[in-house]
Amino acid sequence: MMDAGRAMRIAALVAVAAVALLTSPVSAAEPIEIFDAHLHYNWEPKPYYQLDGVVALFRKNRVTGILATSRPNTGTHALMDAKPEGLWVVPFIRPYRVRADIQTWFGDPLTLELVHEEFKRGYYRGIGEFHISGKAADTEVVKSVVNFAVANNLYLHAHADDEAVEILMRHNPRAQIIWAHTGFGLSTDRVAALLTKYPKLWGELSYRSGIVDGGGKLSAEWRGLFEKFPDRFLLGSDTWISERWASYGDIMAGYRAWLNQLPPKIAAQIANGNAKALFAVK
Ligand SMILES: [Zn+2]
């Protein structure tokens, strides 16, 4: 038989547990965790947000991981050195020193020098974001970058049209490409054809048009694409200018608004699961 004191202590514990359950921060209403797979922490010569500010911004928006790049790479170094709690930083080598390199990197042998030098830091998981369009991808420098990525198990983060994606894949069929913006306004049929043809191609969805209609409803074409290729899409903010930092919360809210219209399992894959699968250390 239980004595009265013990019964009271148990009753008190049960009451505490009940209150804990009711007030637990983990509830169905908590916004879905997001991995931001297109993050520029540019440092020219100072970042838009200082380190503690940017980490606070991610926390506020429940962004728990980032594909981090910076021009120059100083911003990525700072993020890696800071080892911020609750933030998984996946660093990519940006092959640009200054903004003008966007126009010339693919024909400039200095690109390779920069990539090789940065790679020595030992923590990089990819190369990009780089910009390439059509036949401009068909150079020795680009081919060398692709081959270097394959040889070192690095992903490429390519802001490219569909023609350039095909040329990158032709340079080395073992390339693994994160397709920044997923072709912008390219038809969903063409996107589907490329995803089918290249199993190591993933679409990152910043600035991608057509996902929702004017009323915010997920379009039929994109619902179909997400259901057919649930493990091939990633989200990104693309903080390439100050305006994108200023609207960071709106960008993430915009993603969550259409993620909520998908089956929860697919929404979780796109929001964070696919990135975790890609960047898990194997
Ligand atoms: Zn970008």
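Our structure's up above, just so we're on the same page.
First, a word on scope: everything that follows refers to the structure included in this document.

### Focus on the side chain of His157
Mapped onto the fold, His157 is located in strand β5 (residues 155-160). When its relative accessible area of 0% is taken as the criterion, His157 is described as buried. Residues in contact with His157, not counting those within four places in the same chain, are Ala37, His38, Leu67, Phe92, Ile127, Gly128, Glu129, Phe130, Ile178, Ala180 and Glu204.

### Describing the nonpolar core
Counting residues in hydrophobic clusters, the biggest one holds 75 residues, and the most contacted among them are Leu205, Phe226, Trp258 and Ile270. Take this core: its biggest share by element is seven residues, from helix α5 (residues 140-151). Contacts of Leu205, omitting those with residues within four sequence positions, involve Thr182, Ile211, Trp222, Phe226, Phe233, Leu234, Leu235, Tyr255, Trp258 and Ile270. In this structure, Leu67, Ile178, Leu234 and Leu278 belong to the second largest nonpolar core, which totals 12 residues.

### A word on unusual backbone geometry
Across the junction of Arg71 and Pro72, the peptide omega takes the value -10°, indicating a cis bond. Residue position: Pro72 is located in the loop between β2 (63-69) and α3 (74-82). The amide bond that connects Gly128 to the next residue, Glu129, takes the cis arrangement and shows omega of -15°. You can see Glu129 is positioned in strand β4 (residues 126-132). Although it is not a glycine, Lys83 sits at a positive phi angle of roughly 45°. By the element assignment, Lys83 lies in the loop between α3 and β3 (88-93).

### Regarding the coordination of the zinc ion
Between any two of four tetrahedral donors, the ideal angle at the metal is 109.5 degrees; between two of six octahedral donors, it is 90 or 180 degrees. In this structure, His38 (NE2), His40 (NE2), Glu129 (OE) and Asp238 (OD) serve as the protein donors to the zinc ion, at separations of 2.0 to 2.4 Å. Here the zinc ion binds four donor atoms, and the angle range of 86 to 171° at the metal identifies the geometry as irregular. Counting the intervening residues between successive donors of the zinc ion yields the motif H-x1-H-x88-E-x108-D. Of the two residues, His38 sits in strand β1 (residues 34-40) while Glu129 sits in strand β4, which places them 91 residues apart along the sequence. Side by side, His38 and Glu129 carry an identical accessibility label, which is buried.

### Brief notes about the pairing of strand β6 (residues 177-180)
The side chains of a regular strand alternate, residue by residue, between the two faces of the sheet. Both faces of β6 are covered, namely the face carrying Ile177 and Trp179 and the face carrying Ile178 and Ala180. With four bridges joining them, β5 and β6 adopt parallel strand pairing. Across the sheet, residue His157 finds its bridge partner in β6, namely Ile178. Regarding the hand of the β-α-β motif, the stretch spanning β5, helix α6 (residues 162-171) and β6 is right-handed. As judged from the three bridges shared by β6 and strand β7 (residues 201-204), these two strands associate in the parallel manner. By the bridge assignment, Ile177 is partnered in β7 with Leu201. Crossover handedness for the path β6 to helix α7 (residues 188-197) to β7: right-handed.

Reading the values: rules and limits
- Residues numbered from 1 in each chain as written.
- Predicted model: local features only at pLDDT ≥ 70, side-chain atom pairs only at ≥ 80, totals over all residues.
- Heavy atoms only, no water.
- Helix = DSSP H or I, 4+ residues; strand = E, 2+ residues; numbered from the N terminus.
- Buried < 20%, exposed > 50% of the residue type's maximum accessible area, 1.4 Å probe, protein only.
- Contact = heavy atoms within 4.5 Å.
- Core = buried A, V, L, I, M, F, W, Y, C linked by side-chain atoms within 4.5 Å.
- Donors = N, O, S within 2.8 Å, 3.2 Å for Na, K, Ca; no water.
- Tetrahedral: all angles 85-135°; square planar, octahedral: opposite > 155°, others 65-115°.
- Pairing = 2+ DSSP bridges.
- Right-handed = clockwise from strand over helix to strand, strands pointing away.

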